[in-house]
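# Results of the structural survey
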Amino acid sequence: MSNQGWSLKRALLPKPLSGFLERNTNEPEIWRNGCHRPLVGDHFFFLSGGSVGNDTCFREKNKAACLIANLSTQDMVLWDFFPEKELPVTEEKMKAFPKDDPTKPCRLTAFLAYKAGMTHIVREVEKPGSKLHKKETCEAVTIIETPPMVVVGVVGYVKTPRGLRSLSTVWAQHLSEEVKRRFYKNWCKSKKKAFTNYSKKYESEDGKKDIQAQLEKMKKYCTVIRVLAHTQIRKMKGLKQKKAHLMEIQVNGGDVAKKVDYAYGFFEKQVPVDAIFQKDEMIDIIGVTKGKGYEGVVTRWGVTRLPRKTHRGLRKVACIGAWHPARVSFTVARAGQNGYHHRTEMNKKIYKVGKAGQESHSAMTEFDRTEKDITPMGGFPHYGIVKDDYLLIKGCCVGPKKRVVTLRQSLLKQTSRVAMEEIKLKFIDTSSKFGHGRFQTTQEKAKFYGRLKA
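Residues numbered from 1 in each chain as written. Predicted model: local features only at pLDDT ≥ 70, side-chain atom pairs only at ≥ 80, totals over all residues. Heavy atoms only, no water.

This paragraph deals with the nonpolar core. Counting 75 residues, the largest nonpolar core has V170, F277, L392 and L407 as the members making the most contacts within it. In terms of residues, this core owes the most to one element, strand 8 (residues 149-160), which gives eight residues. Once you skip the residues sitting within four places of it in the chain, L392 turns out to touch I121, V141, T142, I143, K349, I350, Y351, K352, I374, L425 and I428. (Core = buried A, V, L, I, M, F, W, Y, C linked by side-chain atoms within 4.5 Å. Buried < 20%, exposed > 50% of the residue type's maximum accessible area, 1.4 Å probe, protein only. Helix = DSSP H or I, 4+ residues; strand = E, 2+ residues; numbered from the N terminus. Contact = heavy atoms within 4.5 Å.)

See below:
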């Protein structure tokens, strides 16, 4: 049977379908020919679309075709990062939130931040049994600026057989200009009338009753509550963008009524990063990688180059497949878009939480009392100066400078030694990242060079 035009998806045989198949006395021919009958829990493949052949079984009434293929496990390859396509927008999608625990108090589970740059730190390792125990190590870290987010709405979801469905949305009375820009393609040429009628609801008794009725409706029917929060992009002096980033953040803990009251109580209030994340916590970072544009197979897939004397180029794939099947398999390396892909990095440890206006915002440590800011000399290249709250994350992070990233609480229960280790920073490097930095502060540089000629 030809499978042209069919899309392949891995799935488990659901109980309703298996019950229908067992009740059906006219068994499909594919089982009468010797293949095993599918059981509940068996892996199989749905082929949807295309023409329907003889080896298919039909559901009652709607005649949705499905083919059950007896394939070996080596054919069941999960192509997590396929296809390597360019994203239509820079903003990332939140595909999952941490599992809810009603016994714990209400809390938010994610945050939006902006990547500033990288530096390195020196710390003492606390890992008994390791050769590095009680010794110093030098590690790369990323500084992510996290100005407080503002909650402007709440959304309630109900569970359906096809997943979550939004039941109701309530917005705050006052929305800033930076978030209103998010709803316009061209702000300067628009009439700027967004939410003007909605905000009048809070001024009349009928409007207030309507809002309270929607909140009560959420408490009665919804199972998932999320707040609508946006970044304060005007505080980011290094960014030219004026349009705030808006996202839904799930509220975990407590029952639904407490969740709704918790979200409504945050309307038009700022949520700092230390209300969600703490030092030594393991988090996930979701973002869009650096875009590389259209690139060839050697760079994109790591294919070996052909010999030097090859005719018509050597940075190619020599054979892209057999004569038949008369099409190129999707597993063959081809040239195309590289970078600008959506990625999730798990288990990134927070080394430090810096609060604006406090000593924690500086790069001073218990062992290095030099008064210096977290921003290196000359500022972060392609970014500038970090003035707001920030997180110091171990290792690298997806995306270029200024890219917005989503910080999410870990989906897993952290029990490893790395996750449980308490971090004690001894030194944070603030030398210039533009060239070979020699000095940590401008005072140190002036003391070394002395008085220069006028």
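This part covers the side chain of D429. Tracing the chain through its elements places D429 in the loop between strand 19 (425-428) and helix 9 (442-449). Taking relative accessible area as the criterion, D429 reaches 5% and is therefore assigned buried. Dropping the residues within four chain positions of it, D429 is found in contact with T119, H120 and Q440.

A word on the packing of aromatic side chains. Using the criterion set out here, one finds ten aromatic pairs in the structure. Seen in terms of ring centroids, W171 and F183 are 5.8 Å apart; in terms of plane orientation they differ by 80°. Their pairing is edge-to-face. Taken together, the residues W171 in strand 9 (residues 163-171) and F183 in the loop between helix 3 (177-180) and helix 4 (196-199) connect sequence positions twelve residues apart. Aromatic pair Y262 and F266: ring centres 5.0 Å apart, planes at 75°, arrangement edge-to-face. A relative accessible area of 25% places Y262 in the partly exposed class. F266 sits in the partly exposed class, given a relative accessible area of 22%. The ring of W187 has K192 lying over it, and the distance from NZ or CZ to the ring centre is 5.3 Å. Here the basic side chain of K426 rests over the ring of F367, its NZ or CZ set 5.0 Å away from the ring centre. (Phe/Tyr/Trp six-rings, centres within 6.5 Å; stacked < 30°, edge-to-face > 60°. Lys NZ or Arg CZ within 6 Å of the ring centre and 35° of its normal.)

With that out of the way, let us pick up the pattern of salt bridges. The full count for this structure, using the stated rule, is 21 salt bridges. Through salt bridges that share partners, R123, E139, K394 and E421 make up one connected network. (Salt bridge = Lys/Arg side-chain N within 4 Å of Asp/Glu carboxyl O.)

In this chain, H324 is followed by P325 through a cis amide linkage whose omega measures 0°. Of note in this structure, K192 is not a glycine but carries a positive phi near 60°. With respect to the helices and strands, K192 occurs in the loop between helix 3 and helix 4. With relative accessibility at 34%, the residue K192 sits in the partly exposed group. Even without glycine at this site, H382 takes up a positive phi of about 65°. On the secondary structure map, H382 appears in the loop between strand 16 (342-354) and strand 17 (390-394).

Our next topic: a nonpolar patch on the surface. Together, M346, L411 and L412 give the surface a local cluster of nonpolar side chains, amounting to about 260 Å² of exposed area. The residue L412 is located in the loop between strand 18 (404-409) and helix 8 (417-420) in this model. (Patch = residues over 30% accessible without salt bridge, like charges linked within 9 Å, V, L, I, M, F, W, Y side chains within 5 Å. Areas by Shrake-Rupley, 256 points an atom, 1.4 Å probe, with all protein chains shown as cover.)

Let us look at the packing of helix 5 (residues 205-221) against helix 6 (residues 256-265). Helix-helix packing is characterised by the crossing angle of the two axes and by the distance between the axes. Look at helix 5 against helix 6: their axes get within 8 Å of each other, and the N-to-C directions meet at 145°. Residue-level contacts link Q212, L215, M218 and K219 of helix 5 to V256, A257, V260, D261 and Y264 of helix 6. Class assignment for the residues of the contact of helix 5 with helix 6 results in six nonpolar, one polar and two charged. (Axes fitted to C-alpha atoms, helices over the stretch in contact; angles between N-to-C directions. Nonpolar A, V, L, I, M, F, W, Y, C, P; charged D, E, K, R; others polar.)

This part is about the environment of R334. Looking at where R334 falls in the secondary structure, it is placed in the loop between helix 7 (297-301) and strand 15 (336-339). It is 8.1 Å that separates the C-alpha atoms of R334 and W301, two residues lying 33 residues apart in sequence. With residues near it in sequence (within four places) discarded, R334 still touches V297, R300, W301, I320 and V328.

Moving on to the pairing of strand 17. Each regular strand shows side chains that alternate between the opposite faces of the sheet. Within strand 17, four of the five residues are buried, which leaves the element mostly enclosed by the surrounding structure. Two elements, strand 7 (residues 136-145) and strand 17, share five bridges in a ladder whose sense is antiparallel. If you follow I143 over to strand 17, its bridge partner there is L392. When strand 16 meets strand 17, the two strands line up antiparallel, connected through four bridges. (Pairing = 2+ DSSP bridges.)

By themselves, these observations are geometric and do not establish any function.
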